[in-house]
Amino acid sequence: MKKVITFGTFDVFHVGHINIIERAASMGDYLIVGISSDALNYSKKGRYPIYSEGDRMKIIQSLKFVDEVFLEESLELKLDYIKKYGADLLVMGDDWKGRFDWVNSACEVIYLPRTPSISTTEIIEVVKKR
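Rules used in this analysis
Residues numbered from 1 in each chain as written. Predicted model: local features only at pLDDT ≥ 70, side-chain atom pairs only at ≥ 80, totals over all residues. Heavy atoms only, no water. Helix = DSSP H or I, 4+ residues; strand = E, 2+ residues; numbered from the N terminus. Polar contact = N/O pair within 3.5 Å; in protein donor to acceptor, adjacent residues only side chain to side chain. Contact = heavy atoms within 4.5 Å. Phe/Tyr/Trp six-rings, centres within 6.5 Å; stacked < 30°, edge-to-face > 60°. Buried < 20%, exposed > 50% of the residue type's maximum accessible area, 1.4 Å probe, protein only. Core = buried A, V, L, I, M, F, W, Y, C linked by side-chain atoms within 4.5 Å. Pairing = 2+ DSSP bridges. Axes fitted to C-alpha atoms, helices over the stretch in contact; angles between N-to-C directions.

## Section: the side chain of S74
Locating S74 in the fold gives a position in the loop between β3 (68-72) and α4 (78-85). At a separation of 2.9 Å, a polar atom in the side chain of S74 contacts the side chain of E76. Apart from the residues lying within four places of it in its own chain, the contact partners of S74 are L40 and Y81.

## Considering the packing of aromatic side chains
Taken as a whole and judged by the stated rule, the model has 6 aromatic pairs. Aromatic side chains F7 and F70 sit 5.8 Å apart centroid to centroid with 90 degrees between the ring planes, which places their arrangement in the edge-to-face category. Taken together, the positions of F7 in strand β1 (residues 3-8) and F70 in strand β3 put the pair 63 residues apart, joining distant regions of the chain. By relative accessible area, which is 7% here, F7 ends up buried. Here W96 and F100 contribute two aromatic rings whose centre-to-centre distance is 5.4 Å and whose plane-to-plane angle is 35 degrees, an arrangement assigned as tilted. Residue F100 is classed as buried on the basis of its relative accessible area of 4%. Through pairs of rings, three or more aromatic residues link up here, namely F7, F70, Y81 and Y85.

## Considering the nonpolar core
Core analysis: the largest hydrophobic core is formed by 19 residues, its most contacted members being I5 and L90. Those elements that provide at least two residues to this core are β1, α4, β4 (89-93) and β5 (108-112). The greatest single-element share of this core, amounting to 4 residues, is contributed by α4. In terms of nonpolar packing, the next biggest core, distinct from the first, is built from 17 residues, I35, I60, V66 and L112 among them.

## With respect to the sheet that holds β1
Within the open sheet, the 5 strands sit side by side as β3-β2-β1-β4-β5. Their pairing is parallel. Strands with a single pairing partner mark the edges of an open sheet, and in this sheet they are β3 and β5. Between one strand axis and the next, the sheet turns through 25 degrees on average, direction left out of account. Examined bridge by bridge, strand β2 (residues 30-36) and β3 share 5 bridges and lie parallel to one another. In the sheet register, I32 faces β3, and the bridge partner there is E68. Contacts between helix α3 (residues 53-61) and the sheet are confined to β2 and β3, with β3 contributing the most and set at about 155 degrees to the helix.

## Some words on the side chain of R56
Following the sequence through the fold, R56 ends up in helix α3. A distance of 3.0 Å separates a polar side-chain atom of R56 from the backbone oxygen of Y51. If near-sequence neighbours (up to four positions away) are discounted, R56 is found in contact with T9, F10, D11, I35, S36, S37, D38, P49 and Y51.

Encoded structure:
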């Protein structure tokens, strides 16, 4: 069985999130998704997510192609998460291209193109302006 792992904040859920999760799922038999904790998101982006980590985990777990979710506490623990869940493949959006090549000793790493013209940050900005 080929296990795939991916990570993200998945805040203000949109079709770009569906696309990357669905493509990641198609690359193996079992999909594990690490959801960035509220604190991790703050450290990455300087703001807390709109939706709580619990709500975001529930949203992602409800997708039919997701087998397991967990809370990601630190970017530096990627390798530990990969080993803990026995992942064979790490899938990330290409906005992270090259950033996680250092885990290649434990699993294959693939960066997928993001869905054009959509991002959580853009959606939040549009809503703020209305």
